[in-house]
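As a plain string of letters, each chain reads:
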Amino acid sequence: MASAAAKRHAHAAFQIALERNELELWRGDLEQLAEAVRDPLLQAFLENPKINSDDKAKILRQVLEGLSPLVINLAMLLVSRCRLNIVSGIANEYGRMVDEQKGIAHAEVVTAVPLGADDEAEIARRLSGVLGREIVLSTSVSPDVIGGLIAKVGDKLIDGSTKSKFLALKKSMGGSAK
């Protein structure tokens, strides 16, 4: 979950990229920036209060060479404000916004057993039909589901699990559902 600050920065970056028709360029550059600042040595260097900001900026510019100058400026702003910890949140939120712009939704599907490629494709196709958007699936396994699946797309939850059906049946028969 992106912080409020990460969302603000992502929104600003999205607006700039949209105006410049550079949505995918920014996505790639923000992902590269996030990858770079995950490096423990670079993190330690940039967070060291004994190193002056000019030296930090010089090294960061070298590491980010080849990225958009505006993305590098964003990185410099975040370094100066000691906010590099939100870069991954910015990249994730920005990617979500670009996908939304393109009509792509991400679905998290939980099943009791691992799905095969054909099953994943069928679930994506059905969710796409229901939601009217292209669906990108990420799947996980939880034995608590018992059977069926639970799909979460944005703020929508589709619970087609055997466990929830069993609990609903139990409740309708007068038993307490736990």
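Bear in mind the structure is a predicted one, so any value in this text is a computation, not a measurement. (Residues numbered from 1 in each chain as written. Predicted model: local features only at pLDDT ≥ 70, side-chain atom pairs only at ≥ 80, totals over all residues. Heavy atoms only, no water.)

### Regarding the side chain of Glu 93
- Its place among the elements puts Glu 93 in helix 6 (residues 87–101).
- Here Glu 93 falls in the buried class, since its relative accessible area comes to 11%.
- Within the structure, the side chain of Glu 93 is placed 2.7 Å from the side chain of Arg 96, a separation counted as a polar contact. (Helix = DSSP H or I, 4+ residues; strand = E, 2+ residues; numbered from the N terminus. Buried < 20%, exposed > 50% of the residue type's maximum accessible area, 1.4 Å probe, protein only. Polar contact = N/O pair within 3.5 Å; in protein donor to acceptor, adjacent residues only side chain to side chain.)

### With respect to unusual backbone geometry
- At Asn 21, a residue that is not glycine, the phi angle is positive and equals roughly 55°.
- Considering the arrangement of structural elements, one finds Asn 21 in the loop between helix 1 (4–19) and helix 2 (23–37).

### Side note on the packing of helix 2 against helix 5 (residues 69–80)
- It is at 10 Å that the axes of helix 2 and helix 5 come closest, and there the two elements cross at 35°. The interaxial crossing formed by helix 2 with helix 5 has right-handed handedness. Side by side, helix 2 and helix 5 meet where Trp 26, Asp 29, Leu 30 and Leu 33 of the first sit next to Leu 70, Val 71, Leu 74 and Ala 75 of the second.
- For the contact of helix 2 with helix 5, a count of residues per class yields seven nonpolar, no polar and one charged. (Axes fitted to C-alpha atoms, helices over the stretch in contact; angles between N-to-C directions. Left-handed = near helix turned anticlockwise from the far one by under 90°. Contact = heavy atoms within 4.5 Å. Nonpolar A, V, L, I, M, F, W, Y, C, P; charged D, E, K, R; others polar.)

### Quick word on the pattern of salt bridges
- Summed over all chains, the structure comprises nine salt bridges.
- Salt-bridge contacts for Arg 27 lead to Asp 99; the nearest nitrogen and oxygen are separated by 2.9 Å. Of this pair, Arg 27 sits in helix 2 while Asp 99 is found in helix 6, placing the two residues 72 residues apart along the sequence. Of the two residues, Arg 27 and Asp 99, both sit in the buried class.
- One salt bridge in this structure joins Arg 125 and Glu 122, with 2.6 Å as the shortest N-O distance. (Salt bridge = Lys/Arg side-chain N within 4 Å of Asp/Glu carboxyl O.)

### Comments concerning the sheet that holds strand 4 (residues 156–161)
- Read from one edge to the other, the open sheet built from four strands follows the order 2-1-3-4, with strand pairing classed as mixed. This sheet does not close on itself; its edge strands, each paired only once, are strand 2 (134–141) and strand 4. Between one strand axis and the next, the sheet turns through 20° on average, direction left out of account.
- Alignment of strand 1 (residues 104–111) against strand 2, held across eight bridges, turns out to be parallel. Bridging from a neighbouring strand, Ala 105 pairs with Ile 135 of strand 2.
- Set on the sheet, helix 8 (residues 162–172) makes contact with strand 3 (148–153) and strand 4; between it and strand 4 the angle comes to about 80°. (Pairing = 2+ DSSP bridges.)

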